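The lines below spell out each chain.
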Amino acid sequence: MTSSSETATLLLESFPELGAELQVPATRQSLYRQLSCFATFTREAAEAGQLALLKRCFEVADRLLRQGDAYLARAIENVYLHCLHLDGSTYGNQLARQLMPARLYQTYQYPHTTMLP
C-alpha cells in the first residue's frame, strides 16, 4: 500500500520532468498541491496530443487510486480527477474513455452519473 506521504517520490520516479515543480517546499508538503501539479501535467499531455504520455499518467493515477491508502485514494478522486478538466469537451471525454484504466475511468465518471437532472 502506498501512503500519501510517498506520492511525491512515486511521481518523481515516474515523471522526472515534474522535479522542479514537486520540489517547491509548499508543494512538497501538500498532497493536494502535488496532485494538482500532476493533473496539470496530465492535462498538458492531453492538449499536446501526447497520447503515450497521457496513458502513462492515467496508469500512474490508477495505481495511486488502487494501491494508495484511503487518504490518497480520496485525494485522487477529489483533487487529481477534478483538476483534469477533460470533461469539458467531447475530445476530452473520448481520451478518458479510451486511455484510462477501468477503475480510474469508473471513478472519473461517478460524479457525472450520480447528478440529478
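Residues numbered from 1 in each chain as written. Predicted model: local features only at pLDDT ≥ 70, side-chain atom pairs only at ≥ 80, totals over all residues. Heavy atoms only, no water.

### Notes on the side chain of aspartate 69
- The residue aspartate 69 is located in the loop between helix 5 (51-67) and helix 6 (70-84) in this model.
- Engagement of the side chain of aspartate 69 in a polar contact is seen with the backbone nitrogen of serine 4, the distance being 3.1 Å.
- A polar contact is formed between the side chain of aspartate 69 and the backbone nitrogen of leucine 72, at a distance of 2.8 Å.
- Among all residues touching aspartate 69, those that are not within four sequence positions of it are Met1, Thr2, Ser3 and Ser4. (Helix = DSSP H or I, 4+ residues; strand = E, 2+ residues; numbered from the N terminus. Polar contact = N/O pair within 3.5 Å; in protein donor to acceptor, adjacent residues only side chain to side chain. Contact = heavy atoms within 4.5 Å.)

### Focus: helix 5
- Look at helix 5: 24 Å from first C-alpha to last across 17 residues, which is about the 24 Å you get at 1.5 Å a residue.
- The set of residues buried in helix 5 consists of Leu53, Leu54, Cys57, Phe58, Val60, Ala61, Asp62, Leu64 and Leu65. (Expected span 1.5 Å × (residues − 1). Buried < 20%, exposed > 50% of the residue type's maximum accessible area, 1.4 Å probe, protein only.)

### So, the environment of alanine 70
- Of note, alanine 70 is situated in helix 6.
- For alanine 70, a relative accessible area of 61% corresponds to the exposed category.

### So, the packing of aromatic side chains
- For the structure on display, the rule yields five aromatic pairs.
- Between the aromatic rings of tyrosine 32 and tyrosine 71, the centroid separation amounts to 6.0 Å while the plane-to-plane angle is 85 degrees, which identifies the pairing as edge-to-face. Pair noted here: tyrosine 32 is in helix 4 (residues 31-47) and tyrosine 71 is in helix 6, with a separation of 39 residues, a long-range link.
- One aromatic cluster is present, built from ring pairs that chain together Phe15, Phe38, Phe41 and Tyr80. (Phe/Tyr/Trp six-rings, centres within 6.5 Å; stacked < 30°, edge-to-face > 60°.)

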